[in-house]
Each structure stands twice: as C-alpha cells, then as structure tokens.
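Descriptive analysis of the structure
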Amino acid sequence: MAIIKPYYGFNTKGKLYYNPGARAWGILKLKKDIINTFPKLTKRREKCGYKMVYPHNYDEFLSKIQKIVDQRGNIPILLFFEDESS
C-alpha cells in the first residue's frame, strides 16, 4: 500500500463519534483542512485505507522513528486520543 502524501503540514483537533453498531467510539471524522491536504480523499472512486502503529514502549518508538529518518521515509501523522469527559 502506497502512502498518500499531504501537500502541506497541518495541526488540527477533531472528535470521535459513537458507533452504536460497534458499541464503541469508533468513527473518526476528518476535518476539512485534512481533506484539503489530501485531495485523493475527495475522489469517490479511489480506495483509501489507513495504517495505525502504536509502539509498545519508547525504545520501539524511537527505533521506528530512526528507521524513517535513516530511510528518508514518509513523515507519519501523530494522532493522540484525548479524554474530553471533564
């Protein structure tokens, strides 16, 4: 699977939505600034997926980042889940 590259960097906040069928907060809606950054996402006939990686510890995280840097790979998107209950 090829990585879709953005046109420019961004910093945004969004919300997860509850999916009653899955009984979980499992719907992630992308904001317009992200859609505009990745125009391929607006094309109905294009199939897009995602790959999410969560290293088990800091050493594994740093190892993955170092590998990306060494290979001049694609810059990953950092996604943080925030507790908004309070």
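See the structure printed just above.
Residues numbered from 1 in each chain as written. Predicted model: local features only at pLDDT ≥ 70, side-chain atom pairs only at ≥ 80, totals over all residues. Heavy atoms only, no water.

Some thoughts on the environment of Leu30
Mapped onto the fold, Leu30 is located in the loop between β2 (24-28) and α1 (32-37). It is 25 Å that separates the C-alpha atoms of Leu30 and Ile65, two residues lying 35 residues apart in sequence. Setting aside anything within four residues of it in sequence, one finds Leu30 in contact with Ile35 and Leu41. (Helix = DSSP H or I, 4+ residues; strand = E, 2+ residues; numbered from the N terminus. Contact = heavy atoms within 4.5 Å.)

Here's the deal with helix α2 (residues 58-70)
Structurally, the α-helix is built with 3.6 residues per turn, so residues lying three or four positions apart point the same way. Given a rise of 1.5 Å per residue, 13 residues ought to cover 18 Å, and the 18 Å separating the end C-alpha atoms of α2 matches this to within 8%. Where α2 begins, the capping side chain belongs to Asn57, and its oxygen is found 3.2 Å from the backbone nitrogen of Asp59. Just beyond α2, the residue with positive phi is Arg72, at close to 50°. (Expected span 1.5 Å × (residues − 1). Polar contact = N/O pair within 3.5 Å; in protein donor to acceptor, adjacent residues only side chain to side chain.)

A closer look at the environment of Gln66
Structurally, the position occupied by Gln66 is in helix α2. In this structure, the C-alpha to C-alpha distance between Gln66 and Glu82, residues 16 residues apart in sequence, is 26 Å.

Side note on the pairing of strand β1 (residues 16-19)
Where β1 meets β2, three bridges bridge the pair, whose relative direction is antiparallel. Each bridged residue has a counterpart across the sheet, and for Leu16 the counterpart in β2 is Leu28. What sits between the antiparallel neighbours β1 and β2 is a turn of four residues, in which Arg23 has the positive phi angle 50°. (Pairing = 2+ DSSP bridges.)

Things to note about a nonpolar patch on the surface
Among the surface-exposed residues, Leu28, Leu30, Leu41, Tyr50, Met52, Leu79 and Phe81 lie close enough to one another that they form a single nonpolar patch of about 770 Å² accessible area. Its location among the elements puts Leu79 in the segment after α2. Under the relative-accessibility criterion, Leu79 is labelled partly exposed at 44%. (Patch = residues over 30% accessible without salt bridge, like charges linked within 9 Å, V, L, I, M, F, W, Y side chains within 5 Å. Areas by Shrake-Rupley, 256 points an atom, 1.4 Å probe, with all protein chains shown as cover. Salt bridge = Lys/Arg side-chain N within 4 Å of Asp/Glu carboxyl O. Buried < 20%, exposed > 50% of the residue type's maximum accessible area, 1.4 Å probe, protein only.)

Any functional reading would require information that these geometric values do not contain.
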